[in-house]
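# Architecture and fold: a report
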Amino acid sequence: MKDAEMPEKIAELKKQRKAVILAHNYQLPEIQDIADYLGDSLELSRMAAKTDAEVVVFCGVHFMAETASIICPDKKVLLPDINAGCPLANMITPSDVRKLKEKYPGRPVVSYVNTSAEVKAETDVACTSANAIKVINSIKDDEIIFVPDKYLADYVRKQTGKRIIHWEGYCPTHVKILPEDVSAAKKAHPGARVMVHPECRSDVIDMADAVISTSGMVRYVKEADGREFIIGTETGLIHRLKKENPGKEFFPASPHAVCPNMKSITLEKVLWSLEDMKPEVSVPENIRKAALRSVNRMLELA
Ligand code: CIZ
């Protein structure tokens, strides 16, 4: 099949299967363009719960499809490339969390959404980059275990003043954005606002005008007076920002901030997943129920 025919074929199959296509802000442009909804992991999971569709084709990485399945177990959740994992989520296991709880008894445990369902099941409350500060501030304890991203942990520590016991995880894509990249981008575009994701290194965060999630960046750009923006996150977001803000200009903080897992979802794989109704992501009921408690607490708080 020719590439140009693929979106049409996908649309046809989507209708037959009563499916909806959800795409993360970091997906390839052609995937973003065929999506029914674009967003961050939380927005997409909420959308999955709201839609009447029976099948959710989740164009993102594994933990995101799992989160959708945790929230809406009655729907079939397809992940077009089952190997699209998240290295950050893979940096911590349920047994690591249990050991932390033994070492620091009584401390509440917050897990970033970039974790497996099994890890979420071991924790008290989940958070995303969009609501991490709100979630931490809502906890009355002064000392909190936060897993797995050490840079997000450092950022929330500084923003909330709480004692944060962190895990040494990091996102291999966001750490590719270096302070010298941000300096060079600022020099080339002196009038540009610098937005960076809180998964970036702390010295990069210190150079930003705004430290926000992808959904925060989408809103920030819409509301800002400025015309030029330096984007310190996975470069896929720039496609959406350009499309939604034709009068504004966007420059990646680093061209190296490309997540190979996000980019592994292609039009062919979306088509095949709708044809074969697989690969499916589902979570065993006991794990799902425990993980849902942690996700629901986040939803109530944030
Ligand atoms: O929660 C998400 O979707 C992630 C991992 C990043 C973001 O800021 O959108």
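The notes below deal with the structure included here. Because the structure is predicted, anything quoted here is derived from the model rather than measured.

Calculation notes
- Residues numbered from 1 in each chain as written.
- Predicted model: local features only at pLDDT ≥ 70, side-chain atom pairs only at ≥ 80, totals over all residues.
- Heavy atoms only, no water.
- Pairing = 2+ DSSP bridges.
- Helix = DSSP H or I, 4+ residues; strand = E, 2+ residues; numbered from the N terminus.
- Axes fitted to C-alpha atoms, helices over the stretch in contact; angles between N-to-C directions.
- Contact = heavy atoms within 4.5 Å.
- Right-handed = clockwise from strand over helix to strand, strands pointing away.
- Polar contact = N/O pair within 3.5 Å; in protein donor to acceptor, adjacent residues only side chain to side chain.
- Salt bridge = Lys/Arg side-chain N within 4 Å of Asp/Glu carboxyl O.
- Buried < 20%, exposed > 50% of the residue type's maximum accessible area, 1.4 Å probe, protein only.

Glancing now at the sheet that holds strand β4 (residues 76–78). With parallel pairing, the four strands of this open sheet are ordered in space as β2-β1-β3-β4. With one partner strand each, in any of the chains shown, β2 (37–39) and β4 form the two edges of the open sheet. When the angles between neighbouring strand axes are averaged without regard to direction, this sheet yields 25°. Alignment of strand β1 (residues 19–24) against strand β3 (residues 55–59), held across five bridges, turns out to be parallel. The residue bridging A23 from the neighbouring strand is C59, located in β3. Helix-sheet contacts for helix α1 (residues 6–17) involve β1 and β3, and the interaxial angle to β1 is about 125°.

The subject of this paragraph is the pairing of strand β8 (residues 163–166). Moving residue by residue along a regular strand, the side chains alternate between the two faces of the sheet. With four bridges joining them, strand β7 (residues 143–147) and β8 adopt parallel strand pairing. Along β8, the bridge assignment pairs F146 with H166. Since β7 and β8 lie parallel, the crossover through helix α8 (residues 150–160) that links them has a hand, and here it is right-handed.

For the rest of this paragraph, the subject is the side chain of S129. Mapped onto the fold, S129 is located in the loop between β6 (125–127) and α7 (132–137). Here the side chain of S129 touches H197 through a polar contact of 3.3 Å, side chain to side chain. Dropping the residues within four chain positions of it, S129 is found in contact with Y112, H197, P198 and S213.

This structure, assessed with the given rule, holds 18 salt bridges. A salt bridge links D33 to K243, with the shortest nitrogen-to-oxygen separation between them at 2.7 Å. Here the residue D33 occupies a position in helix α2 (residues 29–34), and K243 occupies one in helix α12 (residues 237–244), the gap between them amounting to 210 residues. Among the residues examined, D33 registers a relative accessible area of 42% and is labelled partly exposed.

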